[in-house]
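# Reading the structure
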Amino acid sequence: MSPALTPEQLARVRIDADLVASGWVVQSRDEINLRAAQGVAVRELPLRAGHGRVDYLLFVDERPVGVLEAKPEGHPLSGAEPQTRLYSKGIPVFMEAPVDPLPFLYRSTGALTALTNLLDPNPKSRPIFQIQRPQTLAEWLLEPPVRQPGAAGKELNERQSTGRPVPGSLRAHLRALPEADLPDLWPNQQQAIRGLERSLREDRPRALIQMATGSGKTMTAITAAYRLIQHGGARRILFLVDRTNLGEQAEREFAAYVTPDDHRKLDELYNIQRLEGSSIADASKIVISTVQRLYSILQGKPELDPAEEEGSLFDRPGAAAAEPLPVVYNPKIPPEFFDVIFIDECHRSIYSVWRQVLEYFDAYLIGLTATPAAHTYGFFEQNVVMEYTHERAVAEQVNVPFEVYRIRTKITEQGSTIEASAEPILGLRKRRTGTKTRWVRPDEDLTYAGGDLDRTVYAPDQIRMIARTFRDRLFTEIFPGRGEVPKTLIYAKDDRHAEDIVEIFRQEFAESDEFCQKITYKTTGKKPKDLIQEFRTGYQPRIAVTVDMIATGTDIRPIEIVMFLRAVKSRLFFEQMKGRGVRTIEPDELQGVTPSAIAKSHFVIVDCVGITESDLSDSRPLERKRLQSLASLLEQIALGSRDEEVHSTVAARLLRLDRELTARRDPAARERLKELSGGTALAEIAAEMIRALDDDAAIEAARADLGLSSEVEPPLKAVEAAGERLVREAARPLATRPLLRNAIVEARQDLDQVVDAVSRDELLEAGASPAAKEQARGLVHDFEAYLAAHKDEIEALQFFFSVEYRQGLRFEDVRKLADAIGSPPRSWTPERLWRAYAVLERDKVRGASAERLLTDVVSLVRFALHRDEELVPFGERVGQKFRVWLQQQETAGRKFTAGQLRWLEMMRDHIGTSLAVEVDDFTYTPFVEEGGLGKARQVFGEALGEVMRELNEVLAA
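Residues numbered from 1 in each chain as written. Predicted model: local features only at pLDDT ≥ 70, side-chain atom pairs only at ≥ 80, totals over all residues. Heavy atoms only, no water.

### Looking at the overall build of the chain
- When you go through the chain residue by residue, the secondary structure sums to 37 helices and 27 strands.
- A buried classification covers 54% of the 957 residues belonging to the chain.
- A separation threshold of at least 6 residues defines the contact pool for the chain, and within that pool the share at least 24 residues apart is 70%.
- As presented, the chain carries roughly 42,400 Å² of accessible surface, and 50% of it is formed by carbon and sulfur atoms.
- Computed over 127 positive and 147 negative side-chain charges, the separation of the two mean positions in the chain equals 1 Å. (Helix = DSSP H or I, 4+ residues; strand = E, 2+ residues; numbered from the N terminus. Buried < 20%, exposed > 50% of the residue type's maximum accessible area, 1.4 Å probe, protein only. Contact = heavy atoms within 4.5 Å. Areas by Shrake-Rupley, 256 points an atom, 1.4 Å probe, with all protein chains shown as cover. Lys, Arg positive; Asp, Glu negative; His and termini not counted. Charge placed at Lys NZ, Arg CZ, Asp CG, Glu CD.)

Right, dumping it as structure tokens:
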């Protein structure tokens, strides 16, 4: 029997295997043949006197390039760094090293490996998944030299100037990256790129970019990626998403990007590949992939079911304690394959379940998100290179603000009761399939709560009341004066709920199928991406109903209404769903799909479930595997899975099933399941599974196993073992009883949904939410206080406040006033102020949805100072005064010809937009088209000056 290997011998066995996997030939001193392969690792070679014996000397193309020091597992690798530096300087002269000292210094235990690259301007150790391939080191040695600025590059620069040129490295190129000058980008995008590049120059391995939804994260990443390839020495960049439609969207944006210096499209300069198969082209410089497909490729799987890329991982957020997916070395995609990885929508915790996929690569990790959670900051090592909130984005007009319109109905909040009847008035239908409803006689009253809606109960009139209220208030209160329904996105609870919403909204609006469409993963006939594109760029549909598919990331700029018919408990998810409406859009692009719109000044959240008034949190839901079927999860438990997420989700679904069976008054089904389980009710099994997942329960079990008192902390391994035992025992009825598992699945599939076609809903309230009213009240108060505080400083305000101020109101003074109230920290726009007054005094405000003109500031100030009883657009007020003036002239016997009326109307319109009409104005449109000043004098004669003076005094006062 051979003796057991020592820890260091075991480490060397693992290191040998890693070297071979990476393409190296491992040789002992008596086997040396440097021509055996491009990369040869020779064990135990002696160095020059005083430099010892190196564990592995690494040769590439027959020349020494690096050293590898082996240590037993558990030995801190940082302690071996001085040893590798000593080895790197002890190479015999006859070996003719391409760079002296040798640049590539590795330390490894076989489980952990670290590299220090002396080609870097500021060499420092970094962990790597596995030693690089020989061809990679050869490529690094061929990198062109890079002159380094500052003290950190002094040594490299001196070595270049006195001897053979020292190759550069990625980090050397990044250190020399020129400052970004990108005037065509938004200021926040420029700031993000500068912050990121500063982080890269400092060689910080992870960076987080937090930018509000719609503020240009993808464009920022594309610009940064281009600069890193063009100027930063990056060989290949990965843009990682977590579902297909976001990858397709990113591919379009990358391909359409016009480079700021070359002015060609990015796909004309570099090969951009979105992964749809199992291989990556060598020529690809930018690779776009879902994390699911990347993991599949690393595993060597030939194909991936496209359905696995459709669902967002946010729908099943990985628990912080979830076991990372196993990743093994893949020579086709080695760890050094990508230099930089952008992780889109990184807040979705893709790094808890998929963490090893990311950490496999020796690459800079750059996170992009609008809504980071605490663990997001932790993963990116608190290195936030850009923080750009929605509030700041609104203030800088990168995002549009939102208003909340609340629709409250009685059934939504209180539920209803279906009374017992001798008539078949209670409907039952299969919830999953929505098959034809059968009608039965209720033997006793059936009461349900609002929370049961669209899960165990379907009440058509609840959806109908919301649809009617939305329809009736849309053109008078939500978007007054619109000619068609603004692009509206409705969030439903599930696919069945979405079907019901689509059907009822089509009925209530009396529109065709095109008007309102469902866009979910279960949509048939058209691909979801095609439906999204139609919603984005076409006139139809006006309303899209979705569950999660358009919840995050998807860019649909014309959306002006986001309606919630489902509640969520996650703050992050709500912010992402809400964010579908914040994006700005050019007026002509908006009018291309919504002709009656003038501009997108804001969007409206129509809250039908109280989501804007509820407390949201970042906590994880109990059910974390929402996209997996119950049958699949039960099978995983039967096969021995101890995954916390699987057990937690199954427990949640068992509790729900038990409640639903209770609500259906189906004791026979409950008793049958209890009998099949060996006498334990479903609710009891679920409760025990949840208790087994509690860390405290595992600690107490470990104490009991070891006979420890409550004051003594048991060892971690004992706690882990006890926890696994508790989880396994709690799930025993499910793991060992196939008949129970099958019966649970059947019971779940056979559940009926009650159809309440009897109850009539009542509208409790429709209008601005209490929070929106409070916000509007605060804005109006601050605005009016500002006017009073600055009445002596701002020229335009002196006109309104002082009866002795004789100078007429000038356009330039109004512009200065608008600039003053619009500057930080106030950032008040006429649109925001106008809507705030509309929220508080809707019956006194007109034209809330109209495009604001600069002269509307006059109307705002007059209304704020109670000079006018109504707030109407300035041009409309001028029109009213003009009609009164004409009537006065007629009463006084002053008649105007048709030609004179035409010129008077043009002067009226000009005063509406410019406060006054002057002689110089007759050289501009529309006057010049009608003959200019000469024609005006011909039409009015000597009275022209008097007419202009009267109009200026009367209309602009």
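### Observations regarding the packing of helix 34 (residues 874-891) against helix 37 (residues 944-955)
- As a packed pair, helix 34 and helix 37 sit with axes 9 Å apart at the nearest point and diverge in direction by 125°. Of the possible angle classes, the one that applies to helix 34 and helix 37 is oblique. Crossing hand, helix 34 versus helix 37: right-handed. Between helix 34 and helix 37, the residues in contact are Phe874, Val878, Lys881, Phe882, Trp885 and Gln889 and Glu950, Leu951, Val954 and Leu955, respectively. (Axes fitted to C-alpha atoms, helices over the stretch in contact; angles between N-to-C directions. Parallel < 35°, antiparallel > 145°, perpendicular 65-115°, else oblique. Left-handed = near helix turned anticlockwise from the far one by under 90°.)

### Side note on the sheet that holds strand 4 (residues 63-70)
- Pairing in this open sheet of seven strands is mixed, and the strands run 1-2-3-4-5-6-7 from one edge to the other. Bordering the open sheet on either side are strand 1 (25-27) and strand 7 (126-128), each of which pairs with just one other strand. Adjacent strand axes in the sheet meet at a mean angle of 30°, parallel and antiparallel pairs treated alike.
- Each of strand 3 (53-60), strand 4, strand 5 (104-108) and strand 6 (113-117) touches helix 2 (residues 81-88); the most contacted strand, strand 5, lies at about 140° to it.
- Packed on one face of the sheet, helix 3 (residues 134-141) meets strand 2 (39-46), strand 3, strand 4, strand 5, strand 6 and strand 7 and runs near 145° to strand 5. (Pairing = 2+ DSSP bridges.)

### Structural notes on the pattern of salt bridges
- Counted under the stated rule, the structure contains 65 salt bridges.
- Residues arginine 171 and aspartate 203 are paired through a salt bridge, measuring 3.0 Å at the closest nitrogen-oxygen approach. Of the two residues, arginine 171 sits in helix 5 (residues 170-175) while aspartate 203 sits in the loop between helix 6 (187-201) and strand 8 (206-211), which places them 32 residues apart along the sequence. There is no split in this pair, since arginine 171 and aspartate 203 are both buried.
- Across the salt bridge formed by glutamate 508 and arginine 464, the nearest N and O atoms sit 3.6 Å from each other. (Salt bridge = Lys/Arg side-chain N within 4 Å of Asp/Glu carboxyl O.)

### Remarks on the nonpolar core
- One finds Phe783, Tyr837, Leu904, Met907 and Leu951 to be the most contacted residues of the largest nonpolar core, which totals 79 residues.
- The greatest single-element share of this core, amounting to seven residues, is contributed by helix 29 (residues 770-789).
- Discounting chain neighbours no more than four positions away, the residues touching methionine 907 are Val917, Phe922, Phe927, Phe940, Val947, Met948 and Leu951.
- If you look at the next biggest cluster of nonpolar residues, it comprises 40 residues, including Leu200, Met211, Tyr364 and Met386. (Core = buried A, V, L, I, M, F, W, Y, C linked by side-chain atoms within 4.5 Å.)

### Let's talk about the packing of aromatic side chains
- Counted under the stated rule, the structure contains 24 aromatic pairs.
- Here the aromatic rings of phenylalanine 564 and phenylalanine 574 are separated by 5.3 Å at their centres, their planes lie at 45°, and the arrangement is tilted. Here the residue phenylalanine 564 occupies a position in strand 24 (residues 561-564), and phenylalanine 574 occupies one in helix 19 (residues 571-578), the gap between them amounting to ten residues. Considered together, phenylalanine 564 and phenylalanine 574 belong to a single accessibility category, that of buried residues. (Phe/Tyr/Trp six-rings, centres within 6.5 Å; stacked < 30°, edge-to-face > 60°.)

### Some details on unusual backbone geometry
- With an omega of 5°, the peptide bond between aspartate 100 and proline 101 qualifies as cis.
- Structurally, proline 101 is set in the loop between helix 2 and strand 5.
- Even without being a glycine, histidine 866 presents a positive backbone phi close to 60°.
- Looking at histidine 866, the relative accessible area reads 67%, which means it is exposed.

### Regarding helix 17 (residues 495-509)
- The end-to-end C-alpha distance of helix 17 is 21 Å, a good match for the 21 Å that 15 residues give at a rise of 1.5 Å each.
- Burial analysis of helix 17 places eleven of its 15 residues in the buried class, which makes it a mostly covered element.
- Residues Asp495, Arg496, His497, Ala498, Asp500, Ile501, Val502, Ile504, Phe505, Glu508 and Phe509 constitute the buried set of helix 17.
- By the N-cap criterion, in which a side-chain oxygen at the helix start approaches the backbone nitrogen of a residue two or three places on, helix 17 is capped by aspartate 494, the distance to arginine 496 being 3.2 Å. (Expected span 1.5 Å × (residues − 1). Polar contact = N/O pair within 3.5 Å; in protein donor to acceptor, adjacent residues only side chain to side chain.)

### Points about the environment of threonine 417
- Looking at the secondary structure, you find threonine 417 in strand 16 (residues 416-418).
- Threonine 417 sits in the partly exposed class, given a relative accessible area of 35%.
- Sequence separation between threonine 417 and serine 759 is 342 residues, and the spatial gap between their C-alpha atoms is 7.5 Å.
- With residues near it in sequence (within four places) discarded, threonine 417 still touches Asp445, Leu446, Thr447 and Ser759.
- A polar contact is formed between the side chain of threonine 417 and the side chain of threonine 447, at a distance of 2.9 Å.

### With respect to the sheet that holds strand 18 (residues 438-440)
- Reading across from one edge, 18-17-26-20 is the order of the four strands in this open sheet, with mixed pairing throughout. Bordering the open sheet on either side are strand 18 and strand 20 (457-458), each of which pairs with just one other strand.
- With two bridges connecting them, strand 20 and strand 26 (residues 752-756) associate as parallel partners. Considered in strand 26, the bridge of valine 457 is made with valine 754.

### Regarding the packing of helix 31 (residues 811-822) against helix 33 (residues 856-864)
- Two elements in contact, helix 31 and helix 33, have axes whose closest approach is 10 Å; the angle formed by their N-to-C orientations is 70°. As judged from the angle between their axes, helix 31 and helix 33 are roughly perpendicular. In this structure, helix 31 uses Val814, Leu817 and Ala818 to contact helix 33, whose residues at the interface are Val857, Val858 and Val861.
- Of the residues belonging to the contact of helix 31 with helix 33, the class tally is six nonpolar, no polar and no charged. (Nonpolar A, V, L, I, M, F, W, Y, C, P; charged D, E, K, R; others polar.)

### Concerning the state of the cysteines
- Scanning the entire structure with this criterion turns up zero disulfides.
- No disulfide involves cysteine 516; its sulfur sits 13 Å from the nearest other cysteine sulfur, which is in cysteine 608. (Disulfide = S-S within 2.5 Å.)

### Here's the deal with a nonpolar patch on the surface
- Nonpolar side chains collect at one region of the surface, where Leu5, Leu10 and Val13 lie side by side and expose about 250 Å² of accessible area between them.
- Within the secondary structure, valine 13 sits in helix 1 (residues 7-21). (Patch = residues over 30% accessible without salt bridge, like charges linked within 9 Å, V, L, I, M, F, W, Y side chains within 5 Å.)

### With respect to helix 19
- Burial analysis of helix 19 places six of its eight residues in the buried class, which makes it a mostly covered element.
- Residues of helix 19 that are buried: Leu572, Phe573, Phe574, Gln576, Met577 and Lys578.
- Tucked into the core, helix 19 has its buried residues touching strand 15 (402-409), strand 21 (488-491), strand 24 and strand 25 (603-607).

### Examining the confidence of the model for the chain
- Taken as a whole, the chain shows an average pLDDT of 86; of its residues, 91% reach a score of 70 or greater.
- Low pLDDT, under 50, characterises residues 158-163; the predicted model gives this stretch nine contacts beyond four residues in sequence or across chains.
- pLDDT under 50 marks residues 314-323. Its contacts with residues more than four places away, or in other chains, come to 35 contacts. (pLDDT = per-residue confidence, 0-100.)

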